[in-house]
Every structure is written in C-alpha cells, then in structure tokens.
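Chain by chain, the residues:
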Amino acid sequence: MKSTRTVLFLASLFFLVSCGHQKQEPIIAPWGEVGDSADIEDEYDLEEIQAGGELIILTMSGPETYYDYRGRQLGAQYMLAQRFANKLGVRLRVDVCRDTTEMLARLSAGDADLIAYPLRPDSLGWVVGSDKEELRQELTAWYRPEMLDEVRKEERFLLSARSVKRRVFSPMLNRAGGVISHYDALFARYCQPIHWDWRLMAAQCYQESTFDPHATSWAGAKGLMQIMPSTADHLGLPRDRMYDPESSIAAAARYLRELEGYFMAVRDRQERIRFVLASYNGGRHHITDAMALARRDGRNPHRWRDVEHYVLNLSNPQYYRDPLVKNGYMRGSETIDYVTRIMQRWDSYRGVRSPHIDASSGFVPQKATRRNRYDLPSNPKTP
C-alpha cells in the first residue's frame, strides 16, 4: 500500500505517522474499502485527549500484548500503554482487534488514538493517528527503551506466588481427627444448599488462600476464597467484609452455584465441577471458548479431558486467534493445574486414592470411608 506516512524510529519503538492531510490510497479490508486517516477533518490531539480524560488504544490479544488474567489486565504492551496514560493523567481504554488490517483501518477512521502492537518483527512498533502530532511528540519524549524490560519484569513478579500475601497453613489441621480447617462448619453450612461436598470447597479454599482469611493478591482478590472486588459487588458481598471468613465462604458458595448454572448441559456432575472450578480460576468465557473449539474438532465439549487440551492451547496463537475464540489469550496451564490440584486434594480429604496424585504434592490419602451426608450428590435437583 502506498502511503505518505513517515516511519520514525525511537530506539526499538517506531511510530508510523501520516504527513499532512493529503489523499492516500484507501486501505482494503476484508469487508471492503475504508477511508484513510487523511480524511479526518476535526483535530483531536493531545489537548483534546487530556480534556476528554481517555486514551484509546488498539491492540491484539496475546501474552506480549494484552490479556485478561483472573479479572485483571496484563501484557507488556498494555502495561506500557497504561504507564503512558498515567503520565497523561487519563484513563486507558483498550479495543481488541482481530488483525493488523482491522487495527490500521480503525485508526485511519479515527476510532482510536494509537496502535499498541509490534507491527515489525524486529521492533516494538506503535502507530499514532495521523492527526495527533502533539501526542506523537509527547510519546517520543516520554519513552525510554528500557521501559519494556521494566514492565516485563513487573509482570513476571505479578504472575509469581510472591505477589500473593498470605500465611501458609497445613492442608489438614488434624488428620487423625478428620479436621481439615477451622472453617469446616462454615464449609458444611454453605455447601449444603448448593449440593457441594464441603470437603471439595475446603480443597478449593486451600488452593486459593491456604486457609489464610487475610490473604491478598496483587490483582485485588481478598479473603479465604480470593474473591475479586468486582465479583464481590456482583455477589452482594460488602467490600469491608471480604476478609470475614463466613462472608467469603457464603459469597463463594453463591458464585459456585451461579457458575454451575452455566454448565448444566454437562450432565455428569463430576465432570461439571471441573468446568466450574476452571471458570472460577480462569474465567467462564475462556472455558466456553475452549468448549467451542472442542466441539468444532469433533471432541466432547462436555468432557474435561477433551476440553482441557484447548484450555492449555489457548496460550498458542493458532488457537487464541481462531475465529471461534471470542476472549483471546489465556494462561491455560495455570487453570489446568488449579483444577487438578483441587481434585487431588479433595480425594485426599475423602480418603480416596486418586489415580493422578503427585507424590511431590504432599497429599496423603486417608483410609477410605463410607459415604456421608456431605458427599457430592450425583444428580442434585438444583445446580
């Protein structure tokens, strides 16, 4: 495509900027011909962006660009853009596109201020709207090449266990007496209405917080069940009660029942709980993306063994850029590990020898006991 845009290099960062408002060859998108940014008449530059209080960027989903992680946004490009927005004193809005053609077309149409995506394989390329010379100058003056390494280092920390503040308690308070935690009675009370085995919720709680009611993650998740503030609002859990053990467990039970309602097509209850746990950890929409891929490929979308293959591969561009995928990249390996560990610990709490127990996990199955009233019903009347 011919263009009068000038490519400007700033270390590894470049900005592709149109010169003037001359008529250019139109961009040809899959859906037809669209106008170029040269046709934009109303100036909307740095001053207007700051007055409006919002910087709009275009990007694509991916581990280096932008993705949702347990309700919070990460990705080096996103984090760098967030730093720049903070410097401007505005909020950041991210619009995720399917491909570079869509990004360029939308930028030319004036739908956004810049593209935060590496458009060249050997550099970190950002494209600024052709009518935003002041924004380009501000960005050029602000950017330092080492910033990219800084945000990547920050991201690695946030994704590590070190970013979660919690005390680590034993997974079994009194094995001889069959006491799992100080909160067993609460698990039993709030699991009974939703027909969950209280020991399953205890196993999940240990995975979330290791039974520390004051656990806090960098993303803002709080309490025994590591509930996010936005989820707490949705569930009616007051934010000043997020560290209260009973309030956290009660809210988590409501959330588990809600999630289970989305997967009632999974008729096998043991299978369904895996989908629910995966959604609690990785987000329901990512799991439904994986189910859609499994269905497309002739696998059983209601069997976790089939679907987990796609959950794992949603970190692969071949999968997260598939047209069937609506929610982009996810760190699927963490979600698979989350489900596996909870199921193993649940087996241990019930005295069932799991066929997948990892000797390094520290699980010591108890002697098998008869089913009691807290075991998970195979076909409950309500989700």
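Not measured: the values here are computed from a predicted model.

Novice: Sorry if this is basic, but what is going on with the side chain of His 286 here?
Specialist: Take His 286: it is sitting in helix α11 (residues 284-296). Those residues in contact with His 286, other than ones at most four positions away along the chain, are Asp 68, Leu 314, Asn 327, Gly 328, Tyr 329 and Met 330.

Novice: Just checking my understanding: could you explain the packing of aromatic side chains for this structure?
Specialist: The geometry of an aromatic ring pair is captured by the separation of the ring centres together with the interplanar angle, meaning the angle of the planes. Evaluation of the coordinates by the stated rule reveals nine aromatic pairs. For the ring pair Phe 275 and Trp 304, a centre distance of 5.5 Å and an interplane angle of 80 degrees mean the geometry is edge-to-face. Residue Phe 275 is located in helix α10 (residues 269-282), and its partner Trp 304 is located in helix α12 (residues 304-313); the two are separated by 29 residues in the primary sequence. On the basis of relative accessibility, which here comes to 0%, the residue Phe 275 falls in the buried class. Assessed through its relative accessible area of 5%, Trp 304 is described here as buried. Measuring from ring centre to ring centre gives 5.5 Å for Tyr 320 and Tyr 329, while their planes differ by 90 degrees; the resulting arrangement is edge-to-face. Grouped by ring-pair contacts, the aromatic residues Tyr 67, Tyr 320 and Tyr 329 constitute a single cluster. Its guanidinium or amino end placed over the ring of Tyr 262, Arg 284 lies 3.6 Å from that ring's centre, counting from NZ or CZ. A cation over a ring is seen here: Arg 350 above Trp 346, with NZ or CZ 3.7 Å from the ring centre.

Novice: Any chance you could explain the packing of α10 against helix α14 (residues 332-350) here in plain terms?
Specialist: A pair of packed helices is characterised by two quantities: the angle between their axes and the separation of those axes. In the contact formed by α10 and α14, the axes pass within 9 Å of each other and the chain directions differ by 130 degrees. By the criterion of interaxial angle, the relationship of α10 to α14 is oblique. The chirality of how α10 crosses α14 is right-handed. Residues Gln 270, Ile 273, Arg 274, Leu 277, Ala 278, Tyr 280, Asn 281 and Gly 282 of α10 lie in contact with α14, whose contacting residues are Glu 334, Thr 335, Tyr 338, Val 339, Ile 342, Met 343 and Trp 346. Here the contact of α10 with α14 is composed, by residue class, of nine nonpolar, four polar and two charged.

Novice: Help me out: how do you make sense of the environment of Ser 248 in this one?
Specialist: In this structure, Ser 248 sits in helix α9 (residues 245-262). You can call Ser 248 buried: its relative accessible area is 0%. Along the chain, Ser 248 and Ile 227 lie 21 residues apart, while their C-alpha atoms are 7.4 Å from each other.

Novice: What is the right way to look at the pairing of strand β5 (residues 54-59) in this model?
Specialist: Within a regular strand, side chains alternate between the sheet's two faces. Counted residue by residue, β5 has five buried out of six residues, so it is predominantly covered. Summarising the sheet, β5 and strand β8 (residues 91-96) pair through six bridges and their orientation is parallel. Within the sheet, the bridge partner assigned to Leu 55 lies in β8 and is Leu 92. Relative to strand β9 (residues 114-116), β5 runs parallel, the two sharing two bridges. By the bridge assignment for β9, Ile 57 is matched with Leu 114.

Novice: What should I look at first to understand empty space enclosed by the protein in this one?
Specialist: Empty space left among the atoms is revealed by rolling a probe the size of a water molecule over them. Evaluated as defined, the whole model comprises one cavity of 30 Å³ or more. Looking at the largest cavity, the residues that line it are Asp 68, Tyr 69, Arg 70, Asn 281, Gly 282, His 286, Met 330, Arg 331, Glu 334 and Thr 335. Only β6 (67-69), α10 and α14 provide two or more residues apiece to the lining of the largest cavity. Looking at the lining of the largest cavity residue by residue, the classes come out as two nonpolar, four polar and four charged.

Definitions and limits used
Residues numbered from 1 in each chain as written. Predicted model: local features only at pLDDT ≥ 70, side-chain atom pairs only at ≥ 80, totals over all residues. Heavy atoms only, no water. Helix = DSSP H or I, 4+ residues; strand = E, 2+ residues; numbered from the N terminus. Contact = heavy atoms within 4.5 Å. Phe/Tyr/Trp six-rings, centres within 6.5 Å; stacked < 30°, edge-to-face > 60°. Buried < 20%, exposed > 50% of the residue type's maximum accessible area, 1.4 Å probe, protein only. Lys NZ or Arg CZ within 6 Å of the ring centre and 35° of its normal. Axes fitted to C-alpha atoms, helices over the stretch in contact; angles between N-to-C directions. Parallel < 35°, antiparallel > 145°, perpendicular 65-115°, else oblique. Left-handed = near helix turned anticlockwise from the far one by under 90°. Nonpolar A, V, L, I, M, F, W, Y, C, P; charged D, E, K, R; others polar. Pairing = 2+ DSSP bridges. 1 Å grid on protein atoms, 1.4 Å probe; cavity = no way out; pocket = protein on both sides within 12 Å on 5 of 7 lines; lining within 4 Å. Points joined across faces, edges and corners; volume = space filled by probe spheres on them.

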